[in-house]
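The residues making up each chain are set out below.
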Amino acid sequence: MFTGIIEEIGEITAIAPAGDGWRLTVRAPRAARDAVHGESIAVSGVCLTVVDSTAETFDADVMKQTLDVAALGGAAVGTRVNIEKAMPVGARLGGHIVQGHVDGVGDLLEVRPGAQWSVLRISLPDDLAPLVVDKGSISVDGTSLTVSAVSEPAEPSPWFEVSLIPETLSATTLGARAVGDRVNLETDILARHVERLLAFRAAPEGGSR
């Protein structure tokens, strides 16, 4: 479990084939210095398991299914990534509940810089659009953000916007994102549970319960 509060920006230093997936080496000194085998670290919003580590790097395996559904599949050596270690029990929940289970990817459609912040408009896959609400929470590349605007249900190409303060711009990879970049999206787990419950309530009599 994570909070979406990024602890450092890491860098992918090696990618090696591992079956039909990858083994990544990530340079992230703050996360790696006390990393232990088997613990979870979110890499740009993707929950990965540490399989080896040094004082400055950690290795993690990424299966094909993750590469297929997450923007991490387009990463290369030198790609900068957001890093967050799992939240310890009893810690403050500074962002929102983030599982590290990416729902899909969005494309950065627009960047509008302001005097004190930047506004990012990001596309939404059709199936995720009902789960994103104005003033709700969403994880973008592992960063806990508040939705500042969202497209109307009737719009054919769903989108949402987030407003980034200077701290977020400097402490995460989002400050260097450009139009056309793909980002990992994880919607609010509470919204996903509600959608599932409503789907069962709407099931016809005699259907699956």
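Up top is the structure.
Residues numbered from 1 in each chain as written. Predicted model: local features only at pLDDT ≥ 70, side-chain atom pairs only at ≥ 80, totals over all residues. Heavy atoms only, no water.

**Topic: the overall build of the protein**
What counts here: Counting from the N terminus, the helices are DSSP H or I runs at least four residues long and the strands are E runs at least two residues long. Only C-alpha atoms enter the radius of gyration; for comparison, a globular chain is expected to reach 2.2 Å times N to the power 0.38, where N is the number of residues. The buried label applies to any residue whose accessible area, calculated with a 1.4 Å probe on protein chains only, is under 20% of its type's maximum; exposed applies above 50%, and partly exposed to all values in between. In this analysis, two residues are considered to be in contact whenever any of their non-hydrogen atoms come within 4.5 Å of each other. His is not counted, nor are the chain ends; Lys and Arg add positive charge and Asp and Glu add negative charge. To locate a charge, the coordinates of NZ of Lys, CZ of Arg, CG of Asp or CD of Glu are taken.
When you go through the protein residue by residue, the secondary structure sums to four helices and twelve strands. Relative to the globule expectation of 17 Å for 209 residues, the C-alpha radius of gyration of the protein, 18 Å, shows essentially globular dimensions. Along the longest, intermediate and shortest principal axes, the C-alpha atoms of the protein span 55 × 50 × 35 Å. Counting every position in the protein, which comprises 209 residues, the buried fraction comes to 42%. Counting only contacts in the protein whose residues sit at least 6 apart along the sequence, the fraction spanning at least 24 positions is 69%. Charge-centre separation for the protein: the mean point of 17 positive side chains lies 3 Å from the mean point of 28 negative side chains.

**Description of the packing of aromatic side chains**
Here is the rule: Think of it this way: a Phe, Tyr or Trp ring, Trp meaning its six-membered ring, pairs with another when their centres are within 6.5 Å, and the plane angle makes it stacked under 30 degrees, edge-to-face over 60, tilted otherwise. We count a charge as sitting over a ring when the NZ of a lysine or the CZ of an arginine lies within 6 Å of the ring centre and within 35 degrees of the ring normal.
For the structure shown, the criterion picks out zero aromatic pairs. Over the face of the ring belonging to Trp159 we find Arg121, whose NZ or CZ atom lies 3.5 Å from the ring centre.

**Notes on the sheet that holds strand β8 (residues 118-123)**
The strands that make up a sheet are held in pairs by hydrogen bonds between backbone atoms, and each pair lies either parallel or antiparallel. Note the following rule: At least two bridges found by DSSP between two strands are what make those strands a pair. For helices, the axis comes from a line fit to the C-alpha atoms of the stretch in contact; other axes are also lines fit to C-alpha atoms, and the angle between any two N-to-C directions lies between 0 and 180 degrees.
One closed barrel accounts for six strands, arranged β7-β8-β11-β10-β9-β12; its pairing is antiparallel. The sheet shows a mean angle of 45 degrees between the axes of neighbouring strands, taken without regard to direction.

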